[in-house]
Amino acid sequence: QVQLVESGGGLVQAGDSLRLSCVASGRTFSSYVMAWFRQAPEKEREFVARILRSGSMTDYADSVKGRFTISRDNVKNTVYLQMNSLKPDDTAVYYCAATTKLTDWRTISAYVYWGQGTQVTVSS
């Protein structure tokens, strides 16, 4: 069982930066593939980024590539999402997720554990 708690969201202006954090409970954090998803109002939840267990490989949605960076600290049981050059279209609730599956990392169904989400609002 893994519990995930996100933090770091807020209200910013277009062009600003934010760093989201997700702290995981338990001693097996390093065995999980970690990801960030987001859900805007009246839209489906969508993949943002994921990072493999060791942190050696990352993957991003095209809409955030070059602006967002996912990273992890397996000692602190934490995964981060550094978001730069934020746009109003980035406004959403951001969710942290964890899985031990080795495939389908961009799909919601691949993830067993989810955080409660943190709101990010970008004004124009």
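A few points on the structure.

Procedures and definitions
Sequence order as written defines residue numbering, which begins from 1 separately in each chain. The predicted origin of the model limits local features to residues at a pLDDT of at least 70 and limits the giving and counting of side-chain atom pairs to 80 or more, whereas totals for whole chains, interfaces and linings rest on all residues. To obtain the side-chain values, all non-hydrogen atoms of the structure were used and water was disregarded. Salt bridge, as used here, is a side-chain nitrogen of Lys or Arg placed within 4 Å of a carboxyl oxygen of Asp or Glu. A 1.4 Å probe rolled over the protein chains alone gives each residue an accessible area, and that area as a share of the maximum for its type sets the label: buried under 20%, exposed over 50%, partly exposed in between. Every helix listed is a DSSP run of H or I at least four residues long, and every strand listed is a run of E at least two residues long, numbered separately from the N terminus. Polar contact is defined as a pair of N or O atoms within 3.5 Å, subject to the rule that within protein one atom must be able to donate a hydrogen and the other to accept it, and that residues adjacent in sequence are counted only when both atoms are side-chain atoms. Should DSSP find at least two bridges between two strands, the strands are taken to pair. Axis angles are defined between N-to-C directions and span 0 to 180 degrees, where every axis is a line fitted to C-alpha atoms and, for a helix, only to the segment in contact. Remark: nonpolar core denotes a set of buried residues (Ala, Val, Leu, Ile, Met, Phe, Trp, Tyr, Cys) joined through side-chain atoms within 4.5 Å. The criterion used for residue contact is that any of the two residues' heavy atoms lie within 4.5 Å.

### So, the pattern of salt bridges
Summed over the entire model, instances satisfying the criterion amount to five salt bridges. Measuring nitrogen to oxygen at the nearest pair gives 2.7 Å for the salt bridge that ties Glu-46 to Arg-38. You can call Glu-46 partly exposed: its relative accessible area is 35%. Where Asp-62 meets Lys-65, a salt bridge forms, and the shortest distance between an N and an O atom there is 3.3 Å. The structure contains a network of salt bridges with shared partners spanning Arg-38, Glu-46, Arg-67 and Asp-90.

### Side note on the environment of Thr-91
Along the chain, Thr-91 falls in the loop between strand 8 (78-83) and strand 9 (92-99). In this structure, the C-alpha to C-alpha distance between Thr-91 and Tyr-60, residues 31 residues apart in sequence, is 17 Å. Among the polar contacts made by the side chain of Thr-91, one reaches the main-chain amide nitrogen of Val-122 at a distance of 2.9 Å.

### Digging into the sheet that holds strand 8
One open sheet accounts for four strands, arranged 1-3-8-7; its pairing is antiparallel. Because the sheet does not close on itself, it has two edges, and the strands there are strand 1 (4-7) and strand 7 (68-73). Pairs of neighbouring strands in the sheet enclose a mean axial angle of 15 degrees, with direction left out of account. Taken together, the six bridges between strand 7 and strand 8 define a ladder with antiparallel strand orientation. Directly across from Phe-68, in strand 8, lies its bridge partner Met-83.

### Observations regarding the nonpolar core
Counting residues in hydrophobic clusters, the biggest one holds 39 residues, and the most contacted among them are Leu-4, Met-34, Trp-36, Val-79, Leu-81, Met-83 and Tyr-94. Where this core is concerned, the elements lending two or more residues are strand 3 (18-24), strand 4 (33-39), strand 5 (46-51), strand 7, strand 8, strand 9 and strand 11 (118-123). Setting aside its immediate chain neighbours within four residues, Leu-81 contacts Leu-18, Arg-19, Leu-20, Trp-36, Val-48, Ala-49, Phe-68, Thr-69, Ile-70 and Tyr-94.

### A closer look at the pairing of strand 7
Two faces, one strand: in a regular strand the side chains alternate between the faces of the sheet. Alternating residues of strand 7 divide into Phe-68, Ile-70 and Arg-72, all buried, and Thr-69, Ser-71 and Asp-73, none buried. Counting the residues that bridge the hairpin from strand 7 to strand 8 gives four residues, and of these Asn-77 lies at a positive phi of roughly 55 degrees.

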